[in-house]
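Here's the letter readout for the chains.
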Amino acid sequence: MSAPAPEGGAGATERGGGVGEWDPPDPTTRDEPRPTLSDDDGRRAGRFWSTRRVPAALTALVVLGAAGLLLYDIAAVRAGRPAMYWRRELAVQLARQPLDNPWVLVAAGVAMALGLWLLALALTPGLRGLLPMRRQSPLVRAGIDRAAAALTLRDRAMEVSGVRSVRVRMGRSKVKVRALSHFRELADVRNDLDRVLTAGIRELGLDRAPALTMRVRRPVKKR
């Protein structure tokens, strides 16, 4: 007497790891989308800050030297010795010179300009030639050189039919493109350039996409 065939037909096997086993996909699970250049997680990359080693080193040396010299002179006066000549002469000149003296005004202007310059260096990031790229991970920061970005966009623009030459000026907030077209209608060339360069700017993956300004014209005819 033969055993009854299992339900599901002759090709069905048990749930125990048969060769022909097949599990239907679970409709409640799905693959997570992969990150693309258009994704925005809300985190701004921010500009890269320059280390400015030379101004910092010069300022530190000047402050250290002036403070050390003044501290030595004060310690010498406390020990019963006379003050240095430069400090006595400086005190006498400051007591004699009026505040509206040209030399006093010039020295005050130089000191104020130097202080403003140091404040500007301390409060501004610098590295204007490096454009920050969009951050996909908090552990990675990436940037692209402004000249390299301009060269990339120029190569993309030269692939457009009818374009003879292109000049690209890459800024942090604006991209200026000047193109010469030697055939085709200027409106068609302009539309193609706008489409190609807009896609190129997006594919650069910059943190803040710059605005595109474009000018297309014919080359000047030589007489």
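Everything below is about the structure shown above.
Report follows, based on the coordinates. (Residues numbered from 1 in each chain as written. Predicted model: local features only at pLDDT ≥ 70, side-chain atom pairs only at ≥ 80, totals over all residues. Heavy atoms only, no water.)

**Looking at helix α5 (residues 186-203)**
Which entries qualify depends on this criterion: Where helices and strands are cited, they refer to DSSP runs of H or I of at least four residues and of E of at least two residues respectively, numbered from the N terminus. Given a helix with a known number of residues, its expected span is that number minus one, times 1.5 Å. Only protein chains enter the accessibility calculation, which uses a 1.4 Å probe; a residue whose area is less than 20% of its type maximum is buried, one above 50% is exposed, and one in between is partly exposed. Read the arc as the range of directions from the helix axis to the C-beta atoms. The contact criterion used throughout is that any non-hydrogen atoms of two residues lie within 4.5 Å.
With 18 residues, α5 ought to run about 26 Å at 1.5 Å a step, and its terminal C-alpha atoms sit 25 Å apart, in line with that. Three or more residues of α5 are buried, namely V189, D192, L193, V196, L197, G200 and I201. Looking straight down α5, one finds that the buried residues subtend no more than 160° of arc, so they occupy a single side. Contact partners of the buried residues in α5: α4 (146-158), β3 (163-170), β4 (174-181) and β5 (211-217).

**Some words on the sheet that holds β4**
To keep things clear, this is the line we draw: A pair of strands is labelled paired if DSSP reports no fewer than 2 bridges between them. For helices, the axis comes from a line fit to the C-alpha atoms of the stretch in contact; other axes are also lines fit to C-alpha atoms, and the angle between any two N-to-C directions lies between 0 and 180 degrees.
Judged by pairing direction, the sheet is mixed, and its three strands sit side by side in the order β3-β4-β5 without closing on themselves. Of all the strands in the sheet, just β3 and β5 have a single pairing partner and so form its edges. Neighbour to neighbour, the strand axes of the sheet diverge by 15° on average, direction disregarded. Note that β4 and β5 share seven bridges and pair parallel. In the strand pairing of β5, V177 is matched with M214. Together, β3 and β4 form the strand contacts of α4, whose direction differs from that of β3 by roughly 155°. Across the sheet, α5 lies against β3, β4 and β5, angled at about 150° from β5, the strand it touches most.

**Some remarks on the layout of surface pockets**
Rolled over the atoms, a probe with the dimensions of a water molecule shows which regions are left empty. What counts is decided by this rule: We place a 1 Å grid over just the protein atoms. Points where a 1.4 Å probe fits but has no way out form a cavity, open points with protein on both sides within 12 Å along at least 5 of 7 lines form a pocket, and any residue with an atom within 4 Å of a point lines it. Grid points are joined across faces, edges and corners, and a volume is the space filled by probe spheres set on the points. When residues are grouped by polarity, Ala, Val, Leu, Ile, Met, Phe, Trp, Tyr, Cys and Pro land in nonpolar, Asp, Glu, Lys and Arg in charged, and all others, Gly among them, in polar.
Estimates place the volume of the largest pocket at around 240 Å³. Surrounding the largest pocket, G46, R47, L131, P132, G171, R172, S173, L206, D207, R208, A209 and P210 form its lining. In terms of residue class, the lining of the largest pocket is made up of five nonpolar, three polar and four charged. Lining of the second largest pocket is provided by P55, L58, T59, V62, V63, L114, W117 and L118. For the lining of the second largest pocket, the elements supplying multiple residues, two or more each, are α1 (53-78) and α3 (102-123). In terms of residue count, α1 provides more of the lining of the second largest pocket than any other element does, five residues in total.

**Points about the nonpolar core**
Soluble globular proteins tend to bury their nonpolar side chains together. To keep things clear, this is the line we draw: Among buried residues, those of type Ala, Val, Leu, Ile, Met, Phe, Trp, Tyr and Cys that are joined through side-chain atoms within 4.5 Å constitute a nonpolar core.
Counting 22 residues, the largest nonpolar core has L153, V166, V168, M170, V175, L193 and L204 as the members making the most contacts within it. Those elements giving two or more residues to this core turn out to be α4, β3, β4 and α5. Looking at which element gives the most residues to this core, the answer is α5, with five residues.

**Some remarks on the environment of H182**
For H182, the location among the structural elements is in the loop between β4 and α5. We classify H182 as partly exposed; its relative accessible area is 45%. When the C-alpha positions of H182 and R217 are compared, they lie 8.7 Å apart, and in sequence the two are 35 residues distant. Contact partners of H182, with chain neighbours within four places excluded, come to G162, V163, R164, R218 and P219.

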